[in-house]
Amino acid sequence: MSSFLLSSWNSLSTSSAVAIGLATALVASLWLIPREKLDPREPPLAYSRIPLVGHMINLLWYQNSYFSILHKTQPSPITTLLILRQRIYIISSPTLAQLAFRTSKTIDFEIIKQHASCKAIAFDQHGWDIINSPLLPDPENPSRMANYMMDLHTEMYGALAQGPALLQTNKKVLNCLVRSLNEIGDVWEGKKMFEWLRGFYTTASAEALYGVENPVKWNEKFIQMVWDFENDLGLLVLDTYPSLIARKGHTARSTVTPAFEKYYAQGLLKNASAFVQGRARCARKWGLTTNEMSKAEISILFAAVTNTVPNVFYMLCWIFSNPSLVRKLREEIEGIVRPGKGNGEGKEVVLDIENLREKCPLLTASFHESLRLVKTGFSIRTVLEDTLLADTYLLKKGAIVQIPTGVLQSDTATWGPDAEKFNPYRWMPAQSPPYLTQTQETQPLDNDKRSDVFKSKEHRKSQNAAFIPFGGGKNLCPGRHLAFNEIAAFVAVVVYGFEIEGKDGGLVRVPRMAVNRLGDGSTSPKGDVGVRIRRREGFE
């Protein structure tokens, strides 16, 4: 055996031998580097076989699923990861997560958000200084102290709050989406579901945000570029030779920027949504250039579609994989549609999106359940000063806090033994029937198996705390109302007016999810699914 090993070693090239020797020496040296000592009050340390860098290796290998692995193998409400000398606190308790969200004075999101945003869109020093500016006299009201980020926050939350402006944006998006649906006739058409949704969702969102004339309309290649940007986002934020390690994402942002400069130069901003106009007004006020504004636009398209499409995709797949759920939803949606004027070419119906939540509880529940299973990224914060969380856990200044959404939203202790299954009835009152799979539809209902999700107020409170698809605290996503109206209303139109089957005529197959990467908000499918779609009888 020893002679075999020796001959194998001798057969290596000099460079390979040196590389192996250096790697061995590096790994061995990790055991010799002094360990960072935790304060006894800090959260318990998560074990790793390789000191200092073991967790980093696992994060790069397993991506966001590493948080689930840790939660199962080393369960704790909050855990400390040590990567070199960097502390990362992982919170998997709904109660502690909500407490961390509320402790925003010392557990902060703004610094990380500003840093990551500037890196992702390649801002130069001028843009960086404006984004990270301290409070200054308002250029339009010198007696008021403010900065760009403060005013941007006001503009975004104002434009996306429930009200006339949001309703108008929703109508624009939905009308664009329905235009694509109206191209489908009463003869079965084959589609690759995810690719199909991705294409017209990106186009419709661009038109609703920027007006009929917009860069995505001018160049359909931008549809793919938005998703290339999403795929490489983590590497773009890392900002280490992005043209080499994040080539597609780097090309996407470099190509889209001049197209938006053309958009602004042609005076097309006047046709944009209130949200886009408000952002531009704020940017001009604080001194961002047209080039810097144009650099940021790909991030707006990214935010508008890369979370929405995976959730619409899986919501439709789950619904059309279960005929019983389709029937119940159609009965419910019937209550919010009315006949339209029609144009002599076919039946027209109008959907009342203002009453979706009130009159369509099962549709709303299906939306929430889809978010619970698909929106599985993480919230991230930085600790500005030593903080005692829940009067128990010491969080040290300079540490990172990560709250893995996927862990909280799939924990069986909170959601029950079917936590990884799509069950919209878990969001319904206790008297609602449990979710039936296709094989269970004809079987008698066993009352002993009814969902006990809401048997106690305390359990429901825990679920509400664990459901964080839009983050929490003062940084709760301003687009959450837009997302609900857009996704739920579009799904309502499809369910009510169309038939969707598997490509061979059976039920729609729900594909496995891909690995949720670091930086992803929602999880896309591991592979696309073939379907066929046509109008329902009576909607020709």
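These figures come from a predicted structure and were not determined experimentally.

### What about the overall build of the chain?
For the chain, the helix and strand inventory stands at 25 helices and 14 strands. Residues classed as buried in the chain amount to 48% of the 540 residues present. Accessible surface for the chain amounts to roughly 26700 Å². Of this, 56% is attributable to carbon and sulfur atoms.

### Looking at the pattern of salt bridges
By the definition in use, this model includes 21 salt bridges. For the salt bridge of Arg 532 with Glu 501, the shortest nitrogen-to-oxygen distance reads 2.9 Å. In this pair, Arg 532 is assigned in strand β14 (residues 530–535) and Glu 501 in strand β13 (residues 498–502), connecting sequence segments 31 residues apart. Here Arg 517 makes a salt bridge to Asp 520, at a shortest N to O gap of 2.9 Å. Here Arg 517 falls in the partly exposed class, since its relative accessible area comes to 27%. Residues participating in the shared-partner salt-bridge network are Asp 138, Arg 144, Asp 151 and Lys 285.

### A few points about the nonpolar core
Judged by nonpolar contacts, the single largest core of 134 residues is most densely connected at Tyr 148, Met 193, Leu 197 and Phe 490. For this core, the element with the most residues is helix α25 (residues 480–497), which contributes twelve residues. If we ignore the near neighbours within four places in the chain, the residues touching Met 193 are Phe 313, Leu 316, Cys 317, Ile 500, Asp 528, Val 529 and Val 531. Grouped together as the second largest cluster of nonpolar side chains are twelve residues, Ala 46, Ile 90, Ile 400 and Val 407 included.

### What about empty space enclosed by the protein?
Applying the stated rule across the entire model yields three cavities of 30 Å³ or more. Volume-wise, the largest cavity comes out at about 80 Å³. Lining the largest cavity, in full, are Ala 46, Phe 67, Leu 70, His 71, Gln 74, Ser 76, Thr 79, Ile 90, Ser 92, Pro 404 and Val 407. At three residues, helix α4 (residues 65–73) tops the list of elements feeding residues into the lining of the largest cavity. Each residue belonging to the lining of the largest cavity can be placed in one class, and the counts come to six nonpolar, five polar and no charged.

### Focus: unusual backbone geometry
Trans peptide bonds make up most of the peptide bonds, and negative phi angles are found at most residues other than glycine. One non-glycine residue with positive phi stands out, namely Leu 52, at about 70°. Tracing the sequence through the fold places Leu 52 in the loop between α2 (14–30) and α3 (54–62). Look at Leu 52 and you get buried, because its relative accessible area is 11%. In this structure, Ala 122 is a non-glycine residue whose phi angle is positive, near 60°. Take Ala 122: it is sitting in the loop between α6 (110–120) and α7 (125–131).

### Quick notes on the confidence of the model for the chain
Residue-level pLDDT values for the chain average 86, and 87% of them are 70 or greater. Here residues 1–32 is a poorly scored stretch, pLDDT under 50, and it has twelve contacts once near neighbours within four places are set aside; other chains count. Here residues 431–454 scores under 50 on pLDDT; set against residues more than four positions off or in separate chains, the count is 38 contacts.

### A short note on the pairing of strand β12 (residues 400–404)
Within β12, five of the five residues are buried, leaving the element largely enclosed by the surrounding structure. Neither face of β12 is exposed, since Ile 400, Gln 402 and Pro 404 on one face and Val 401 and Ile 403 on the opposite face are all buried.

### A word on the packing of aromatic side chains
This structure, assessed with the given rule, holds 19 aromatic pairs. Centroid distance Phe 260 to Tyr 263: 6.0 Å. Interplanar angle 70°. Geometry classified as edge-to-face. One end of the pair is Phe 260 and the other is Tyr 263, both in helix α15 (residues 247–265) and three residues apart, which spans about a single turn. Consider the rings of Trp 318 and Phe 422, whose centres lie 4.8 Å apart with planes at 10°: the pair is stacked. Separated by 104 residues along the polypeptide, Trp 318 in helix α18 (residues 308–320) and Phe 422 in the loop between α23 (412–415) and α24 (457–466) bring together distant segments of the chain. Judged on exposure class, the residue Trp 318 and its partner Phe 422 are both buried. Through a chain of ring-to-ring contacts, three or more aromatic side chains come together here, namely Phe 194, Trp 227, Phe 313, Tyr 314, Trp 318 and Phe 422. Its guanidinium or amino end placed over the ring of Phe 484, Arg 357 lies 3.8 Å from that ring's centre, counting from NZ or CZ. Across from the ring centre of Trp 415, 5.1 Å away, lies the NZ or CZ of Arg 372, which sits over that ring.

### As for the sheet that holds strand β6 (residues 189–192)
Within the open sheet, the three strands sit side by side as β6-β14-β13. Their pairing is antiparallel. The open sheet has two edge strands with one neighbour each: β6 and β13. If you compare each strand with its neighbour and ignore which way they point, the axes differ by 35° on average. Packed onto the sheet, helix α10 (residues 193–210) meets β6, β13 and β14 and runs at close to 85° relative to β6.

### A word on α15
Its 19 residues place the ends of α15 28 Å apart at the C-alpha level, agreeing with the 27 Å of an ideal helix rising 1.5 Å per residue. Those residues of α15 that sit buried are Gly 249, Ala 252, Arg 253, Val 256, Thr 257, Ala 259, Phe 260, Tyr 263 and Tyr 264. In the segment just after α15, Gly 267 is the residue with positive phi, at about 70°.

### A closer look at the side chain of Thr 382
Turning to its location among the elements, Thr 382 is positioned in strand β9 (residues 378–383). Within the structure, Thr 382 has its side chain in polar contact with the backbone oxygen of Ala 399 (distance 3.5 Å). When neighbours within four sequence positions are excluded, Thr 382 is seen to be in contact with Thr 106, Ile 107, Asp 108, Ile 111, Ile 112, Ala 399 and Ile 400.

What counts as what
- Residues numbered from 1 in each chain as written.
- Predicted model: local features only at pLDDT ≥ 70, side-chain atom pairs only at ≥ 80, totals over all residues.
- Heavy atoms only, no water.
- Helix = DSSP H or I, 4+ residues; strand = E, 2+ residues; numbered from the N terminus.
- Buried < 20%, exposed > 50% of the residue type's maximum accessible area, 1.4 Å probe, protein only.
- Areas by Shrake-Rupley, 256 points an atom, 1.4 Å probe, with all protein chains shown as cover.
- Salt bridge = Lys/Arg side-chain N within 4 Å of Asp/Glu carboxyl O.
- Core = buried A, V, L, I, M, F, W, Y, C linked by side-chain atoms within 4.5 Å.
- Contact = heavy atoms within 4.5 Å.
- 1 Å grid on protein atoms, 1.4 Å probe; cavity = no way out; pocket = protein on both sides within 12 Å on 5 of 7 lines; lining within 4 Å.
- Points joined across faces, edges and corners; volume = space filled by probe spheres on them.
- Nonpolar A, V, L, I, M, F, W, Y, C, P; charged D, E, K, R; others polar.
- pLDDT = per-residue confidence, 0-100.
- Phe/Tyr/Trp six-rings, centres within 6.5 Å; stacked < 30°, edge-to-face > 60°.
- Lys NZ or Arg CZ within 6 Å of the ring centre and 35° of its normal.
- Pairing = 2+ DSSP bridges.
- Axes fitted to C-alpha atoms, helices over the stretch in contact; angles between N-to-C directions.
- Expected span 1.5 Å × (residues − 1).
- Polar contact = N/O pair within 3.5 Å; in protein donor to acceptor, adjacent residues only side chain to side chain.

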